[in-house]
Amino acid sequence: QVQLVESGGGLVQPGGSLRLSCVASGIIFSSYAMGWYRQAPGKQRELVAAATRGGVTNYADSVKGRFTISRDNAKNTVYLQMNSLKPEDTAVYYCNARLELVNQLVNYWGQGTQVTVSS
């Protein structure tokens, strides 16, 4: 059974920092691209940051220079370090594991963790 379990969300003041963690089980973690998505109320889910199997990263323009994604294959864990948080970063953050096969795209999602940026 595949599980992605996020943690680290919470309430933080503008300008503050949080680190999200996502522990994966039931998959060969090193084979998957890992990503963080977020969904704010009334908005579509959007990609925040992603890291390929080889560790190449990409970020949404809105978080570049503030957020950092990293992965520890030995711990089956992906992290999202979030600095200089803004109220517009408020959303539910979801962990994603993605594997592209020849004829199939495999996607797994975590249950989400709430991040609220407010004074």
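Here the structure is a predicted model, which means the values were calculated and not measured.

What counts and how
Residues numbered from 1 in each chain as written. Predicted model: local features only at pLDDT ≥ 70, side-chain atom pairs only at ≥ 80, totals over all residues. Heavy atoms only, no water. Helix = DSSP H or I, 4+ residues; strand = E, 2+ residues; numbered from the N terminus. Buried < 20%, exposed > 50% of the residue type's maximum accessible area, 1.4 Å probe, protein only. Contact = heavy atoms within 4.5 Å. Areas by Shrake-Rupley, 256 points an atom, 1.4 Å probe, with all protein chains shown as cover. Lys, Arg positive; Asp, Glu negative; His and termini not counted. Charge placed at Lys NZ, Arg CZ, Asp CG, Glu CD. Pairing = 2+ DSSP bridges.

Here we come to the overall build of the protein chain. Looking only at helices and strands, the protein chain has zero helices and 11 strands in total. Along the protein chain, from the amino end to the carboxyl end, the secondary structure elements read β-β-β-β-β-β-β-β-β-β-β. Considering only C-alpha atoms, the protein chain reaches an extent of 45 × 30 × 25 Å along its principal axes. Among the 119 residues that make up the protein chain, the fraction classed as buried is 40%. Counting only contacts in the protein chain whose residues sit at least 6 apart along the sequence, the fraction spanning at least 24 positions is 55%. Accessible surface for the protein chain amounts to roughly 6,400 Å². Of this, 47% is attributable to carbon and sulfur atoms. For the protein chain, the separation between the mean place of its 11 positive charges and that of its 7 negative charges on side chains is 3 Å.

Another point: the pairing of strand E11 (residues 113-117). Here E11 shows a buried face lined by Thr113, Val115 and Val117 and an unburied face lined by Gln114 and Thr116. Where strand E2 (residues 10-12) lies against E11, three bridges are found, and the strand directions are parallel. In the sheet register, glycine 10 faces E11, and the bridge partner there is valine 115.

The topology assignment puts threonine 77 in strand E8 (residues 77-82). The contacts of threonine 77, once residues within four sequence positions are left out, are Ser21, Cys22, Val23, Phe29, Ser70, Arg71 and Asp72.

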